[in-house]
Amino acid sequence: MPDLEAARRDLVRALGVAEVLADPLALRLYARDASMLEGSAGLVAFPRSTDDVVACVRAAATHGLSVVPRGSGTGLAGASTPVGDPLVVVTSKMNKILEIRVEDRLAWVEPGLFNLDLGTALRGTGFTYMPDPSSQQVSSIGGNVATNAGGPHCLAYGVTSAHVSALDVVLADGSVER
């Protein structure tokens, strides 16, 4: 049986009290995405770095919680709908462009970055980020990667997986792989 209170305490130590939600009303807000599906969240955490995500995954593993990653919650497929009171890890505060190397046709970004922000940053370089869900002002790169999202441009240029070369992924044991 998951120990939500012990997990909450560990997450607060790792992330800070403002980055962990356990209030029932707040949990209801993160119990669904833009789909018609509704689940239930046990805890919600807002990491700001890969190290914070590692701390979330390790706390979840220690206390018997499953993990549901979540971007902006704009998805229509129900991919970020939590089931069984898991830890919902919301990446919306991980929203930086880490590096753009036009000569290598490469942009390293955090998963919470909005599609539109990457497109705006690339303006004038001769490049753009083609996947364009209609919610690009609020949909995040990480959520797009998770669901292989697309949009009208994808008919000509391909969906998200055609534009992503590498990811840093936090595995279930807390290790990070590229």
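My aim in this report is to walk through the structure given alongside it, one point at a time. (Residues numbered from 1 in each chain as written. Predicted model: local features only at pLDDT ≥ 70, side-chain atom pairs only at ≥ 80, totals over all residues. Heavy atoms only, no water.)

## Section: the sheet that holds strand 2 (residues 43-45)
Next up, step 1: If you trace the 4 strands from one edge of the open sheet to the other, you get 1-2-4-3, paired in mixed fashion. Looking at which strands have only one partner, the edges of the open sheet turn out to be strand 1 (20-21) and strand 3 (67-70).
Next up, step 2: Looking at chain direction, strand 3 and strand 4 (residues 87-90) are connected through 4 bridges and run parallel. Counterpart to Arg70 in the pairing with strand 4 is Val90.
Next up, step 3: Across the sheet, helix 1 (residues 4-15) lies against strand 1, strand 2 and strand 4, angled at about 10° from strand 2, the strand it touches most. (Pairing = 2+ DSSP bridges. Helix = DSSP H or I, 4+ residues; strand = E, 2+ residues; numbered from the N terminus. Contact = heavy atoms within 4.5 Å. Axes fitted to C-alpha atoms, helices over the stretch in contact; angles between N-to-C directions.)

## Details of the packing of helix 1 against helix 3 (residues 50-62)
Next up, step 1: Two elements in contact, helix 1 and helix 3, have axes separated by 10 Å at closest approach and are oriented at 165°. The orientation of helix 1 relative to helix 3 falls into the category roughly antiparallel. Considering how the two elements wind past one another, helix 1 and helix 3 form a crossing that is right-handed. Here Asp10, Leu11, Ala14 and Leu15 of helix 1 come into contact with helix 3, specifically with Asp52, Ala55, Cys56 and Ala59.
Next up, step 2: The residue makeup of the contact of helix 1 with helix 3, split by class, is 6 nonpolar, no polar and 2 charged. (Parallel < 35°, antiparallel > 145°, perpendicular 65-115°, else oblique. Left-handed = near helix turned anticlockwise from the far one by under 90°. Nonpolar A, V, L, I, M, F, W, Y, C, P; charged D, E, K, R; others polar.)

## Some words on the nonpolar core
Nonpolar side chains tend to gather and get buried jointly when the protein is soluble and globular.
Next up, step 1: Formed by Ala7, Leu11, Leu15, Val20, Leu43, Ala45, Cys56, Ala59, Ala60, Leu65, Leu87 and Val89, the largest nonpolar core amounts to 12 residues.
Next up, step 2: Counting residues per element, the ones that place at least two in this core are helix 1, strand 2, helix 3 and strand 4.
Next up, step 3: Setting aside residues no more than four positions away along its own chain, Ala7 makes contact with Leu43, His63 and Leu65. (Core = buried A, V, L, I, M, F, W, Y, C linked by side-chain atoms within 4.5 Å. Buried < 20%, exposed > 50% of the residue type's maximum accessible area, 1.4 Å probe, protein only.)

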